[in-house]
Amino acid sequence: MSKEIVQIFDTTLRDGEQVPGCKLDREQKLVIAERLDELGVNIIEAGFPISSPGDFKSVESIAKLVKNATVCGLTRAVKKDIEVAAEALKYARKPRIHTGIGTSDSHIKHKFNSNRDAIIERAVEAVSYAKKFVEDVEFYAEDAGRTDNEFLARVCEAVVKAGATVLNIPDTTGYCLPEEYGAKIKYLKDHVKHIDRAVLSCHCHNDLGLATANSIAGVMNGARQIECTINGIGERAGNTSLEEVVMIMRQHPSLNLDTTINSRLLYDTSQMVSRKMGMVVQPNKAIVGANAFAHSSGIHQDGVIKNRETYEIIDPADVGVTESSIVLTARSGRAALAYRAKIVGYELTKTQLDEVYQEFLYFADSKKEVVDEDIHEIVAKSKIAL
Ligand code: KIV
Ligand code: ZN
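Here the structure is a predicted model, which means the values were calculated and not measured. (Residues numbered from 1 in each chain as written. Chains lettered and ligands numbered in written order. Predicted model: local features only at pLDDT ≥ 70, side-chain atom pairs only at ≥ 80, totals over all residues. Heavy atoms only, no water.)

(A) Quick peek at the coordination of the zinc ion (ligand 2). Protein coordination at the zinc ion (ligand 2) comes from Asp 15 (OD), His 203 (NE2) and His 205 (NE2), with a distance range of 2.0 to 2.1 Å. Read in sequence order, the donor residues for the zinc ion (ligand 2) give the motif D-x187-H-x1-H. Taken together, the residues span a long stretch of sequence, with Asp 15 in the loop between β2 (7-10) and α1 (26-39) and His 205 in the loop between β8 (199-204) and α8 (211-220) at a distance of 190 residues. Under the relative-accessibility criterion, Asp 15 is labelled buried at 3%. Judged by relative accessible area, which is 4%, His 205 ranks as buried. (Donors = N, O, S within 2.8 Å, 3.2 Å for Na, K, Ca; no water. Helix = DSSP H or I, 4+ residues; strand = E, 2+ residues; numbered from the N terminus. Buried < 20%, exposed > 50% of the residue type's maximum accessible area, 1.4 Å probe, protein only.)

(B) Region of interest: the packing of helix α3 (residues 79-88) against helix α5 (residues 116-131). Between α3 and α5, the least distance of the axes is 10 Å, while the angle of their chain directions is 25 degrees. Viewed along their axes, α3 and α5 adopt a mutual orientation that is roughly parallel. Pair α3 / α5 crosses with right-handed handedness. Contact residues: Lys 79, Ile 82 and Glu 83 in α3; Ala 126, Tyr 129 and Ala 130 in α5. (Axes fitted to C-alpha atoms, helices over the stretch in contact; angles between N-to-C directions. Parallel < 35°, antiparallel > 145°, perpendicular 65-115°, else oblique. Left-handed = near helix turned anticlockwise from the far one by under 90°. Contact = heavy atoms within 4.5 Å.)

(C) Seen up close, the domain arrangement of the protein. Under the domain assignment, the protein is made up of domain 1 (4-277) and domain 2 (294-382). Relative to domain 2, the C-alpha centre of domain 1 lies at a distance of 44 Å. Contacts between the two partners involve six residues from domain 1 and, on the opposite side, seven residues from domain 2. Of the roughly 580 Å² buried where domain 1 meets domain 2, counting both sides, 54% is carbon and sulfur surface. Interface area lost by domain 1 to domain 2 is led by Gln 251, Arg 264 and Tyr 267, which between them contribute 70%. Our count for the contact surface shared by domain 1 and domain 2 stands at one salt bridge. At the junction of domain 1 with domain 2, the criterion picks out five residue pairs in polar contact (both at pLDDT 80 or more). Of all the secondary structure elements, the ones that give two or more residues to the side of domain 1 that touches domain 2 are α9 (242-251) and α10 (266-277). Across the side of domain 1 that touches domain 2, the residue classes break down as three nonpolar, two polar and one charged. (Domains from an automatic or database assignment. Buried area = accessible area lost by both parts, 1.4 Å probe. Salt bridge = Lys/Arg side-chain N within 4 Å of Asp/Glu carboxyl O. Polar contact = N/O pair within 3.5 Å; in protein donor to acceptor, adjacent residues only side chain to side chain. Nonpolar A, V, L, I, M, F, W, Y, C, P; charged D, E, K, R; others polar.)

(D) Spatial organisation of helix α13 (residues 350-364). For α13, which comprises 15 residues, the first-to-last C-alpha distance of 20 Å matches the rise-based estimate of 21 Å (1.5 Å per residue) to within 8%. Taken together, the buried positions of α13 are Gln 352, Leu 353, Val 356, Tyr 357, Phe 360, Phe 363 and Ala 364. When α13 is viewed along its axis, its buried side chains cluster within an angular range of 130 degrees and face the same direction. Opposite the buried face of α13, by more than 90 degrees, sit the exposed residues Thr 351 and Tyr 362. Buried residues in α13 make contact with α12 (334-343) and α14 (372-382). (Expected span 1.5 Å × (residues − 1). Arc of directions from axis to C-beta.)

(E) Fine view of the nonpolar core. Counting residues in hydrophobic clusters, the biggest one holds 92 residues, and the most contacted among them are Ile 8, Leu 39, Phe 139, Leu 167, Ile 169 and Leu 242. Here this core spans two domains, and each of domain 1 (4-277) and domain 2 (294-382) adds at least three residues to it. Grouped together as the second largest cluster of nonpolar side chains are 20 residues, Ala 341, Leu 348, Val 356 and Ile 375 included. (Core = buried A, V, L, I, M, F, W, Y, C linked by side-chain atoms within 4.5 Å.)

(F) How the structure looks around the site of ligand 1. What surrounds ligand 1 is the set Arg 14, Asp 15, His 98, Tyr 140, Glu 142, Asn 168, Pro 170, Thr 172, His 203 and His 205. At 3.1 Å from an oxygen atom of ligand 1 is found a side-chain nitrogen or oxygen belonging to Asp 15. Contact between ligand 1 and His 205: an oxygen atom at 3.0 Å from a side-chain N or O atom of the residue. Across the complex, the protein chains shield 93% of the 260 Å² of accessible surface that ligand 1 would expose by itself. When residues of the shell around ligand 1 are traced back to their parent elements, those giving at least two are β6 (136-142) and β7 (166-171). Taken together, the residues of the shell around ligand 1 break down into two nonpolar, five polar and three charged. (Near = heavy atom within 4 Å. Areas by Shrake-Rupley, 256 points an atom, 1.4 Å probe, with all protein chains shown as cover.)

(G) Spatial organisation of the pattern of salt bridges. Across all of its chains, the model carries 34 salt bridges by this definition. Close ionic contact of Lys 29 with Asp 55 constitutes a salt bridge, the shortest N to O distance being 2.9 Å. One end of the pair, Lys 29, is in helix α1; the other, Asp 55, is in helix α2 (residues 53-65), and 26 residues separate them in sequence. For the residue pair Lys 29 and Asp 55, the accessibility class agrees, reading buried in each case. One salt bridge in this structure joins Arg 334 and Asp 354, with 2.9 Å as the shortest N-O distance. Remark: Asp 354 occurs in helix α13 and Arg 334 occurs in helix α12; sequence separation between them is 20 residues. We classify Asp 354 as partly exposed; its relative accessible area is 27%. Each of Glu 17, Lys 23, Lys 29 and Asp 55 takes part in one network of salt bridges that share partners.

(H) Representation of the state of the cysteines in the model. Taken as a whole and judged by the stated rule, the model has zero disulfides. Considering cysteine sulfurs only, Cys 228 is the nearest to Cys 72, which forms no disulfide, with 13 Å between them. (Disulfide = S-S within 2.5 Å.)

Dropping the structure here:
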C-alpha cells in the first residue's frame, strides 16, 4: 500500500525568524527559500508582509523566486493585513494566505476583549476576504491547544464553510500532551461538518519539549500537514523540528506516512540555517547535531564497528552525514582505537594494540578527546616495532 503524504509547511522564515538576534536580510532569506524548495518542502511561509516594508519585500522576492513550493504569507484577521499579503504574493506560482485569530478564552478575553460569537464572525470575514485574492486560504486558530474542543470545532466548521482549504491547529504555548493534542485533531475530524474539504495542520511549539511528539500525534490522528522549522528554531523554546518529524515518518513504516523531503539535504540545510542565523545547533540535537552519529563509549563503539545497526537507527548518509564517527575518549575500547589507528595509517597486531592501548589510556585520561594527531604521538611513545 502506498504511503500517504504529509505536507511539510516550513516556517523557518516566519516563526523561526522571530527568534531574538536571528534576523535575516533579504539575500539570506532568498538563499534559504531556494534551499527549502530544493529540499522538497511543500509550503514555505515566507514572512508576515504587513509587519515591515522589509518583510513585504522579502515575501515578494521569495514569491517570484520559488519554483515548486506554495509560498505563504501570514496575516491577522484584519482586512489591511490580507490586502498587503495578497499584494506581496501576487507573483507566486502557488500563493497561500495564512490568516487567523486567537480562539482560547484567554485570547478572546485578554487580547480581544471580545466574545466567542464575535470571534467566529471575524474568522469567517477574514477567510472570505482572503478568498477574494487567492484560492488557497489557511486559517489558524491561535492557542487552539488551550481552546475548548467544542468551540474549536464550531470555529473550524464556520471557516471551512467560508472556503478555508487548511485548518491550522496551533499549540501556540506548547502546553498540550501528545495524547491530548492527538485527541483534539481526532475530535475535529469527527465533529466538523465537511472536514474533508480542508487539510488539518499541526503547528506545535516546544515549551515542554513536546513539539515533535505532538505533531506526530496529530498526523497519527488524521492531520496531513506539519508546520515546522529547520533545527526547530522559533519563538521561545522553538517550533517542531522539520528534520525530526521527517525522519520519524521515514523510520517508522508502520505509520504508513511519508513526506516529499530529500532527506540527504537535511544536514547541509541545518548547517546553512545555523550559519546564516548565527544560531548554533546543540551538539546532542536529534538528526543534525554534531553528536547525533558520534559514538564514544567502548561498548557502543565495538558494536558499531561490527555492525552499524547495533547502535544506529538511521544510516547517517540518509540525512547527508558522510559517516558515523568513533570518538576516542578514556571510555573507548581497543576496537575503537584499532579502527581509528587504521584510518590514520597503523595496522596493529593484537600484541601491538595491547601496548598502544595502555599508552592511549594514560594519554586519554588527561584529555577530553583524543584526535588523529594524538594517535601518532601515542604510537611513537608506546615504542612498538612497526
Ligand atoms: O504559534 C502560533 O499560534 C502561530 C500562529 C500565528 C500560526 O505561529
Ligand atoms: Zn507559532
